[in-house]
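Below, each chain spelled out in residue letters.
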Number of protein chains: 2
Amino acid sequence: MAPGAVGKSEAKTTVSPAAVRDAALTLFAERGYHGTALSQIAAELKIRTPSLYNHMRAKQDLLRDIVADTTEQVWADYEEAVEGVDDVAERLRNATRVYALRHATHRREALVVNRDIASLEEPARGNVLELRRRHAQAFRGLIEEAGGVDRESATLAAFGILEMCVSIARWFREDGPLTAEEVAAKYSEYALRIAGLA
Amino acid sequence: MAPGAVGKSEAKTTVSPAAVRDAALTLFAERGYHGTALSQIAAELKIRTPSLYNHMRAKQDLLRDIVADTTEQVWADYEEAVEGVDDVAERLRNATRVYALRHATHRREALVVNRDIASLEEPARGNVLELRRRHAQAFRGLIEEAGGVDRESATLAAFGILEMCVSIARWFREDGPLTAEEVAAKYSEYALRIAGLA
DNA sequence: CCTACCGATCGGTAGG
DNA sequence: CCTACCGATCGGTAGG
């Protein structure tokens, strides 16, 4: 490499794997996985489509990483939220609060997870569904244990609470009248009411 | 037409516009609009792709009809549910009940409306969003009028209630432990709790 | 209802 | 990071 021979080799690395993933996240959230072309992701980053392959392996991998990471973080949030909390109503409040909070602070991720799971190939899809099932079961367990509603209703209440939180990703705005924390506090209060504890 | 000359002309009309729409509805609900190819709809009906055009004009028209009709029916449900009901809590209960009920009895339509609205072209998209906004505003109005929560929370509660109902389309099973009517009754009870009326 | 076919675009590769 | 290019598939049309 002769010094100063080619100026081109110096102005590089404007794009990174993280930047590709972020652009994909924005577009998948807006138009869905199948509604987004790699050419659109490339255009967002101001490069040509084939150049994307310096930062990723396949379009499907982008979806898999987004969905798998998000689902794992949701479960980690849950475990941390209930850890060491004795009162079961308080565990339910905390678990709902962090779930609601994540849907306000990570709107794009939530939209993709809830919209494009069908576009995810196996085995990733199975793994994600299993982890989601575990999360929903944990909620149902909390509601049952709290004893505010009968056993049949606990499943119904769990779904209602979880999906109500998911919906936050659809309407929450950072510049809106309420902060993410305020919305999360309200919704965890709604959760207690649905579970017959308030 | 000589009698008995060609047997072919008798065994026709197995496929109709309604059949095409129904097949599209099932596949759009499963894989999304962009995730569904016309060739898959044709295969479902056991015909070739070009034959679809005897029963429709374009793929986009299938989506528009499904989404527009469903949204109009949701609004009609709402108007009928509150008509002539004096007590505002009872209006909220009825409005929630019919909304929840529709999401249990018309799962495919609900999934498509809530997932593929971004794939809908103008002006249909704008019309649908306007009607949905009117429906959400009406709910917020009921909650405000009922006076169980402060004005700020009414918007939050309205979103929570509506999206909780929408979620029914994602988990309800006809052969499950509860009927559509039972689920709708439960969820309209949750709505009153969220609105601070129970 | 079909076969034959259209231009456009898709995700991805070769080879620098 | 690019140009050039690949086979496959898309929605849709022509013409019976």
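How each quantity is defined
- Within every chain, residues take consecutive numbers counted from 1 along the sequence as written.
- Chain letters and ligand numbers both follow the written order, the letters beginning at A and the numbers at 1.
- In keeping with the model being predicted, local features are shown solely for residues with a pLDDT of at least 70 and side-chain atom pairs are shown and tallied solely at 80 or more, while totals for entire chains, interfaces and linings include all residues.
- Water and hydrogen atoms were dropped before computing side-chain values, which therefore reflect all heavy atoms in the structure.
- Nearness is judged by heavy atoms alone; a residue qualifies as near a molecule or strand once a single heavy atom is within 4 Å of it.
- Two N or O atoms form a polar contact when they lie within 3.5 Å of each other; inside protein one atom must be a possible hydrogen donor and the other a possible acceptor, and for residues adjacent in sequence the pair counts only when both atoms belong to side chains.
- Contact between two residues is taken to exist if any of their heavy atoms lie within 4.5 Å; hydrogens are not considered.
- Accessible area that two parts lose when put together, with a 1.4 Å probe and added across both, is what the buried area reports.
- One speaks of a salt bridge when a side-chain nitrogen belonging to Lys or Arg is within 4 Å of a carboxyl oxygen belonging to Asp or Glu.
- We count a stretch as a helix when DSSP gives it H or I for four or more residues in a row; a strand needs E for two or more, and each element gets its number in order from the N terminus.
- Side-chain atoms within 4.5 Å link the members of a nonpolar core, which is a set of buried Ala, Val, Leu, Ile, Met, Phe, Trp, Tyr and Cys residues.
- With a 1.4 Å probe rolled over the protein chains alone, any residue whose accessible area is under 20% of its type maximum counts as buried; one over 50% counts as exposed, and the rest are partly exposed.
- The copies are overlaid by a least-squares fit using only the C-alpha atoms of residues whose pLDDT is at least 70 in both copies.
- Here the limits of each domain have been adopted from an automatic or database domain assignment.
- Only Asp, Glu, Lys and Arg are considered charged in this grouping, and only Ala, Val, Leu, Ile, Met, Phe, Trp, Tyr, Cys and Pro are considered nonpolar; every other residue, Gly among them, is considered polar.
- pLDDT expresses, on a scale from 0 to 100, how confident the predictor is about each individual residue.

### Observations concerning the protein's contact with DNA strand C
Logical step 1: By nearness alone, 16 residues border DNA strand C, and Tyr53(A), Arg48(B), Ser51(B), Asn54(B) and His55(B) come closest of all.
Logical step 2: Close to the protein, within 4 Å, the atoms of DNA strand C are drawn from sugar and phosphate at a rate of 67%.
Logical step 3: Between Asn54(B) and DNA strand C, the recorded distance is 3.0 Å, taken from a side-chain N or O atom to a base nitrogen.
Logical step 4: His55(B) is positioned such that a nitrogen or oxygen atom in its side chain is 2.5 Å from a phosphate oxygen of DNA strand C.

### Regarding the interface of chain B and chain A
Logical step 1: In this assembly, 28 residues from chain B lie in contact with 29 residues from chain A.
Logical step 2: Between chain B and chain A, the buried area comes to about 2600 Å², and carbon and sulfur atoms account for 61% of it.
Logical step 3: Among the residues of chain B in contact with chain A, Arg115(B), Leu156(B) and Arg193(B) are the three that bury the most area, contributing 23% of the side total.
Logical step 4: Linking chain B to chain A there are four salt bridges.
Logical step 5: Here Lys186(B) ties to Asp150(A) by a salt bridge, and the two come within 3.8 Å at their closest N and O atoms.
Logical step 6: Inspection of the chain B/chain A interface yields twelve residue pairs in polar contact (both at pLDDT 80 or more).
Logical step 7: Among the secondary structure elements, those contributing two or more residues to the side of chain B that touches chain A are α1 (17-31), α7 (151-166), α8 (168-171) and α9 (180-194) of chain B.
Logical step 8: Of the residues forming the side of chain B that touches chain A, the biggest block, eight residues, is contributed by α7(B).

### Some details on the nonpolar core
Logical step 1: Ranked by size, the top nonpolar core spans 76 residues in total, and within it Ile143(A), Tyr187(A), Ile143(B) and Tyr187(B) carry the most contacts.
Logical step 2: Apart from residues no more than four positions distant in its own chain, Ile143(A) is found in contact with Leu92(A), Gly148(A), Val149(A), Ala154(A), Ala157(A), Ala158(A), Ile161(A) and Ala195(A).

### Quick look at the protein's contact with DNA strand D
Logical step 1: Around DNA strand D, a shell composed of 16 residues is seen, among which Arg48(A), Ser51(A), Asn54(A), His55(A) and Lys59(B) lie nearest.
Logical step 2: Among the atoms of DNA strand D lying within 4 Å of the protein, the sugar-phosphate backbone contributes 67%.
Logical step 3: A distance of 3.0 Å separates a base nitrogen of DNA strand D from a polar atom in the side chain of Asn54(A).
Logical step 4: Between DNA strand D and the protein, one listed contact pairs a phosphate oxygen with a backbone N or O atom of Leu38(B) at 2.9 Å.

### Quick notes on the relation of the copies chain B and chain A
Both copies of the chain are related by one operation, a rotation about an axis with a shift along it.
Logical step 1: Mapping chain B onto chain A calls for a rotation angle of 180 degrees and an axial translation of 0.0 Å; the resulting RMSD is 0.0 Å. The superposition operator between the copies reduces to a two-fold rotation axis.
Logical step 2: Taken as a fraction of all interface residues of chain B, those also at the interface in chain A reach 100%, which identifies the copy contact as same-surface.

### With respect to the domain arrangement of chain A
Residue and element names in this part refer to chain A.
Logical step 1: Assigned domains within chain A: domain 1 (12-54) and domain 2 (63-194).
Logical step 2: Put simply, the middle of domain 1 and the middle of domain 2, counted by C-alpha atoms, are 28 Å apart.
Logical step 3: Listed by partner, the interface residues are eleven residues for domain 1 and eleven residues for domain 2.
Logical step 4: Summed over both sides, the interface of domain 1 with domain 2 buries roughly 1000 Å², with 60% coming from carbon and sulfur.
Logical step 5: If you sort the residues of domain 1 by the area they bury against domain 2, Arg 21, Leu 25 and Tyr 33 come out on top, with a joint share of 52%.
Logical step 6: The tally of links between domain 1 and domain 2 comes to two salt bridges.
Logical step 7: Measuring nitrogen to oxygen at the nearest pair gives 3.0 Å for the salt bridge that ties Asp 22 to Arg 108.
Logical step 8: Seen at the junction of domain 1 and domain 2, the total is five residue pairs in polar contact (both at pLDDT 80 or more).
Logical step 9: Here the residues of the side of domain 1 that touches domain 2 sort into four nonpolar, three polar and four charged.

### Description of the confidence of the model for chain A
Logical step 1: The predicted model of chain A has a mean per-residue pLDDT of 93, with 93% of residues at 70 or higher.
Logical step 2: Confidence drops under pLDDT 50 across residues 1-12 of chain A; counting only partners more than four residues distant or on other chains, this segment forms zero contacts.

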